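Report on the structure
Chain by chain, the residues:
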Amino acid sequence: MNGITFGSYHSYRDLNLILTEKTINAPEIRTQTVEIPGADGLLDFTEAFGGVKYANRQLSFSFECIESYDDFYRIFSDIQSRIHGQKLAVSLDDDPAFYYTGRISVDSWKTDRRVGRITVDVDADPYKYQKDRTVLRFAVNAAKTVYLPNLMKPVVPVITVSAPMDISFNGTIYHFTEENAESSTLVLSGGVNKLEITGTGNIRFDYREASL
């Protein structure tokens, strides 16, 4: 039975709920515009500070209870105790490679013809995240060009090296040693990122991709 996992609780297996409806809203674009007196239109500064930014997105899930009518209030209390007000990872069975992160609100409980219905809302981060981190390893012998894919959200990878190395990326040279590699300020953008590496040894990139 397809459902939703809130943290470690699956809606069907753990909470005794059947998913009947789900709504995944797109995140609102945070636009920045300025009106100039005497000029047509608006000046749009939405991407002036490093790309488009988004507000939280709203998720909503409707369920029916599979237990008997006499157990409705016990189950409602149990569900609230487990997830209401919690900030949790939220994953959909029909989108298994990704998860959302947000604050859970158990909105309401209604009974109709002895069928219990419940709505759970999530105030979620705008991006959905890959469950599996992207881990790429390369052997470098003096110099090597590597290409790192990334979905959409800019991300700072954890970089570890077995020997001192330099990375040239977008006009900046980053210096890495075994001690300072993980404190990198190198930011991967969405798409394919080309990095020029110099040095001799092994290098590892570890990051989590995210998209809308």
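Cut-offs applied
Residues numbered from 1 in each chain as written. Predicted model: local features only at pLDDT ≥ 70, side-chain atom pairs only at ≥ 80, totals over all residues. Heavy atoms only, no water. Helix = DSSP H or I, 4+ residues; strand = E, 2+ residues; numbered from the N terminus. Buried < 20%, exposed > 50% of the residue type's maximum accessible area, 1.4 Å probe, protein only. Contact = heavy atoms within 4.5 Å. Areas by Shrake-Rupley, 256 points an atom, 1.4 Å probe, with all protein chains shown as cover. pLDDT = per-residue confidence, 0-100. Salt bridge = Lys/Arg side-chain N within 4 Å of Asp/Glu carboxyl O. Core = buried A, V, L, I, M, F, W, Y, C linked by side-chain atoms within 4.5 Å. Expected span 1.5 Å × (residues − 1). Polar contact = N/O pair within 3.5 Å; in protein donor to acceptor, adjacent residues only side chain to side chain. Phe/Tyr/Trp six-rings, centres within 6.5 Å; stacked < 30°, edge-to-face > 60°. Lys, Arg positive; Asp, Glu negative; His and termini not counted.

1. A few points about the overall build of the chain
Along the chain, the regular secondary structure elements total 1 helix and 16 strands. Of all 212 residues assigned to the chain, the portion counted as buried reaches 37%. Of all intrachain contacts in the chain linking residues separated by at least 6 positions in sequence, the fraction that spans at least 24 positions is 71%. Surface summary for the chain: the accessible area is close to 12,100 Å², and the carbon and sulfur share equals 47%.

2. Re the confidence of the model for the chain
Of the residues in the chain, 89% have a pLDDT of 70 or more, and the chain-wide mean is 89. Ranking the helices and strands of the chain by mean pLDDT puts strand β10 (residues 128–130) first, with 98, and strand β5 (residues 42–44) last, with 62.

3. As for the pattern of salt bridges
Considering all chains together, one arrives at 7 salt bridges under this definition. Arg 117 is the partner of Glu 64 in a salt bridge, and the nearest nitrogen-oxygen pair spans 3.3 Å. Of this pair, Glu 64 sits in strand β6 (residues 57–65) while Arg 117 sits in strand β9 (residues 115–124), and the two are 53 residues apart along the sequence. Note that Glu 196 and Lys 194 form a salt bridge whose closest N and O atoms lie 3.7 Å from each other. By relative accessible area, which is 32% here, Glu 196 ends up partly exposed. Here the salt bridges do not stand alone but share partners, grouping Arg 133, Arg 204 and Asp 206 into one network.

4. Some details on the nonpolar core
Among the nonpolar cores identified, the biggest contains 24 residues, and Phe 6 and Phe 61 are the most heavily contacted of them. Mapped by element, the contributors of at least two residues to this core are β1 (4–6), β6, α1 (72–83), β7 (87–92), β8 (98–112) and β9. For this core, the leading source of residues is α1, giving 5 residues. Excluding anything up to four places from it in sequence, Phe 6 contacts Leu 15, Phe 61, Phe 63, Ile 83, Leu 88, Ala 89, Val 90, Ile 104, Val 120 and Val 122. Core analysis: the second largest hydrophobic core is formed by 19 residues, Leu 148, Val 161, Ile 167 and Ile 203 among them.

5. Re α1
Across its 12 residues, α1 extends 17 Å between first and last C-alpha, which sits within 8% of the 16 Å expected from 1.5 Å per residue. Looking at the residues trailing α1, positive phi occurs at Gly 85, about 80 degrees.

6. Here's the deal with the side chain of Asn 150
Turning to its location among the elements, Asn 150 is positioned in strand β11 (residues 134–150). You can call Asn 150 buried: its relative accessible area is 5%. One polar contact links the side chain of Asn 150 to the main-chain carbonyl oxygen of Ser 189, over a distance of 3.2 Å.

7. Quick look at the packing of aromatic side chains
In this structure the tally under the stated criterion is 5 aromatic pairs. With 5.9 Å between their ring centres and 75 degrees between their planes, Phe 6 and Phe 61 make a pair best called edge-to-face. Of this pair, Phe 6 sits in strand β1 while Phe 61 sits in strand β6; the two residues are 55 residues apart in sequence, bridging distant segments of the chain. Consider the rings of Tyr 54 and Tyr 127, whose centres lie 6.0 Å apart with planes at 90 degrees: the pair is edge-to-face. Taken together, the residues Tyr 54 in the loop between β5 and β6 and Tyr 127 in the loop between β9 and β10 connect sequence positions 73 residues apart. Neither residue differs from the other here; Tyr 54 and Tyr 127 are each classed as buried.

8. Remarks on the side chain of Glu 209
Residue placement: Glu 209 occurs in the loop between β15 (191–207) and β16 (210–211). No salt bridge is formed by the buried Glu 209. Its closest oppositely charged neighbour is Arg 208, at 10 Å. Side-chain polar atoms of Glu 209 contact the backbone nitrogen of Leu 151, separated by 2.9 Å.

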